[in-house]
Amino acid sequence: MLFNSWQFLLLYMPIMLGMSLQLRGQWLLRWIALASYVFYALFGETWFLIPMFVTTVLDFYLAPLIARASSPRLRLTLLCISICGNLGLLVYFKYSALLLRTSLKIWSFFGGLGPVPAWMWTYSVFLPPGISFYTFQTLSYVVDVYRGEAPPERNFAKFASFVSFFPHLIAGPLTRHHQLLPPLEKISEKGVTPRWSEGIFLFSIGLIKKALIADRIAILIDPMLGATSLSASTAWGCLLGYSLQIYFDFSGYSDMAIGLGRLLSVELPQNFNSPYQAVSPRDFWRRWHMTLSQWLRDYLYIPLGGSRASQGRVFASLMITMFLGGLWHGAQWTFAIWGLYHGALLVIYRLLKDSWDRWALWAQRALTFLLISIGWIFFRSESFARAVSWCHDLFAFGSALGAWTLEQRKLWMYIVGGLMVVNAFPNASSYKKFDVLPALWQVGLGTLTVVAILFMNYSSNFLYFQF
């Protein structure tokens, strides 16, 4: 069940919100957890609930033990159990297929050495959507309890709601304990008071981004990228088109999630801040998927040494952090290459910062957008060979001649319009109230929302559901 579906809008959300308005205390927390579990089960397979429930139970009971343990060695041991348990589930469900494919290639490289062992096939499993998000969420909670920066949560219903809260469960924003547990405590005491105008406004903006922009671009570029080779104009159109598709798709989901949170009196953290207006690779990661960037900074980059270490160690920390951040996005080596590419961009920027920052802002912004867009090639491609072929096609200018097809013309219209939007307007989540907009804008937004609802039947999964 998707946010952009009739089942969600006409059945799930009215029931979920209607019941939430009637309940208080433990019953409200239990209802939120139960409804979130139902949402997750309806989204895919019922067994998806098992790894999430195991993660919830493991960290709920380990966190108080860590807080009470008097021995540093015991505290560290309990922390390691939590980390190994959570990452073990993540590795098995998300990376087993990658490890299997890699092992088989190594096996084949050495001449096969006999038949493939049967036990290898047990590592090929189906990926539960959102496992990367809730795993990182509970990991940060346990680590903060270990550091003494968070009290252990004693209320299981509240903790289960924290882990499974349906608006951000599948694709973020990635929340921390201090961002979600206190609001859940507050609504359990005072009840849900929906922020109607803000919530509906953000949900509408997200739906428009998804149904009318991201999905329309996908319909145009997916068949083009299915070809073995592209003309230069098509290759550049697909590059810029995908850059806009992934932005409007993912930021659209985040807007819808934050809007749904506001309808339940919960303020989820902002996840985008006009990332294509960034003036450097570092600035981009302060604006794109902000909650993940902050997580990687606090739980990987800084523990590895951060910016106060020697230059060589800083560069190594950046590369390791971005490599792991790339793998977090997907179980393919192309994602690891994408992460290393961004790590290299951050290193290069640190080396050239003084000269880079002296350029005109428009030049910094244009170069940053170009470099970020090229990186999306590895993110989108299913193999390294396909990514290399796409990069080659970008500069196959001899093949750029000839009349454009209708699909190419449509694609470039979306590209021009999309670039104007991302460079002229801030992200919707920065708006706090719908009624501050001029009346004409409100009418336009309402009209586009109706059109987006009519186009929901032609919508696809959100791109970040696979992570």
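Please read all numbers here as calculations on a predicted model, not as lab measurements.

Attention now moves to the overall build of the protein chain. Assigned secondary structure in the protein chain consists of 18 helices and zero strands. In terms of overall size, the protein chain behaves like a compact globule, its C-alpha atoms giving a radius of gyration of 23 Å where 467 residues would be expected to give roughly 23 Å. Reported as C-alpha extents along the three principal axes, the dimensions of the protein chain are approximately 70 × 65 × 50 Å. A buried classification covers 55% of the 467 residues belonging to the protein chain.

Along its 20 residues, helix 15 (residues 361-380) runs 28 Å from first to last C-alpha, staying within 8% of the 28 Å computed at 1.5 Å per residue. Burial in helix 15 covers these residues: Ala 363, Gln 364, Thr 368, Phe 369, Leu 371, Ile 372, Ser 373, Gly 375, Trp 376, Ile 377, Phe 378 and Phe 379.

Next up on the list: the pattern of salt bridges. Counted under the stated rule, the structure contains 14 salt bridges. The shortest N-O distance in the salt bridge between Glu 267 and Arg 262 comes to 3.0 Å. Residue Glu 267 is classed as partly exposed on the basis of its relative accessible area, which comes to 30%. Between Arg 297 and Asp 298 there is a salt bridge, with its nearest N and O atoms 2.8 Å apart. A network of salt bridges, in which partner residues are shared, links Arg 195, Glu 198, Arg 262 and Glu 267.

A separate point is the side chain of Lys 210. Within the secondary structure, Lys 210 is located in helix 9 (residues 196-225). We classify Lys 210 as buried; its relative accessible area is 0%. Contacts of Lys 210, omitting those with residues within four sequence positions, involve Asn 4, Asp 215, Phe 248, Asp 249, Ser 460, Asn 461 and Phe 462.

With that settled, the discussion passes to the packing of helix 2 (residues 25-43) against helix 8 (residues 177-190). Where helix 2 contacts helix 8, the two axes come as close as 7 Å, and the packing angle between them is 130°. On the basis of their axis angle, the class for helix 2 and helix 8 is oblique. As helix 2 packs across helix 8, the resulting crossing turns out to be right-handed. Taking contact as the criterion, the partners of Gly 25, Leu 28, Leu 29 and Ile 32 in helix 2 are, on helix 8, Leu 184, Ile 187 and Ser 188. Taken together, the residues of the contact of helix 2 with helix 8 break down into five nonpolar, two polar and no charged.

It is worth spelling out the nonpolar core at this point. One finds Phe 3, Phe 8, Phe 166, Tyr 276, Trp 288, Trp 376 and Trp 390 to be the most contacted residues of the largest nonpolar core, which totals 139 residues. Of all the elements, helix 10 (residues 232-263) adds the most residues to this core, at 16 residues. Excluding its chain neighbours within four sequence positions, the residues that come into contact with Phe 166 are Phe 3, Phe 8, Tyr 12, Met 13, Met 16, Ser 36, Phe 39, Tyr 253, Leu 260 and Leu 264.

A separate point is the packing of aromatic side chains. All told, the structure shown has 47 aromatic pairs when counted by the stated rule. With a centroid separation of 5.5 Å and an interplanar angle of 45°, the aromatic rings of Tyr 247 and Tyr 276 are classed as tilted. Taken together, the residues Tyr 247 in helix 10 and Tyr 276 in the loop between helix 10 and helix 11 (281-287) connect sequence positions 29 residues apart. On the accessibility criterion, Tyr 247 (5% relative accessible area) is buried. Residue class for Tyr 276 comes out buried when judged on its relative accessible area of 3%.

How each quantity is defined
Residues numbered from 1 in each chain as written. Predicted model: local features only at pLDDT ≥ 70, side-chain atom pairs only at ≥ 80, totals over all residues. Heavy atoms only, no water. Helix = DSSP H or I, 4+ residues; strand = E, 2+ residues; numbered from the N terminus. Rg over C-alpha atoms; globule rule 2.2 N^0.38 Å. Buried < 20%, exposed > 50% of the residue type's maximum accessible area, 1.4 Å probe, protein only. Expected span 1.5 Å × (residues − 1). Salt bridge = Lys/Arg side-chain N within 4 Å of Asp/Glu carboxyl O. Contact = heavy atoms within 4.5 Å. Axes fitted to C-alpha atoms, helices over the stretch in contact; angles between N-to-C directions. Parallel < 35°, antiparallel > 145°, perpendicular 65-115°, else oblique. Left-handed = near helix turned anticlockwise from the far one by under 90°. Nonpolar A, V, L, I, M, F, W, Y, C, P; charged D, E, K, R; others polar. Core = buried A, V, L, I, M, F, W, Y, C linked by side-chain atoms within 4.5 Å. Phe/Tyr/Trp six-rings, centres within 6.5 Å; stacked < 30°, edge-to-face > 60°.

Everything listed here is a matter of coordinates, which is why it stays silent on function.
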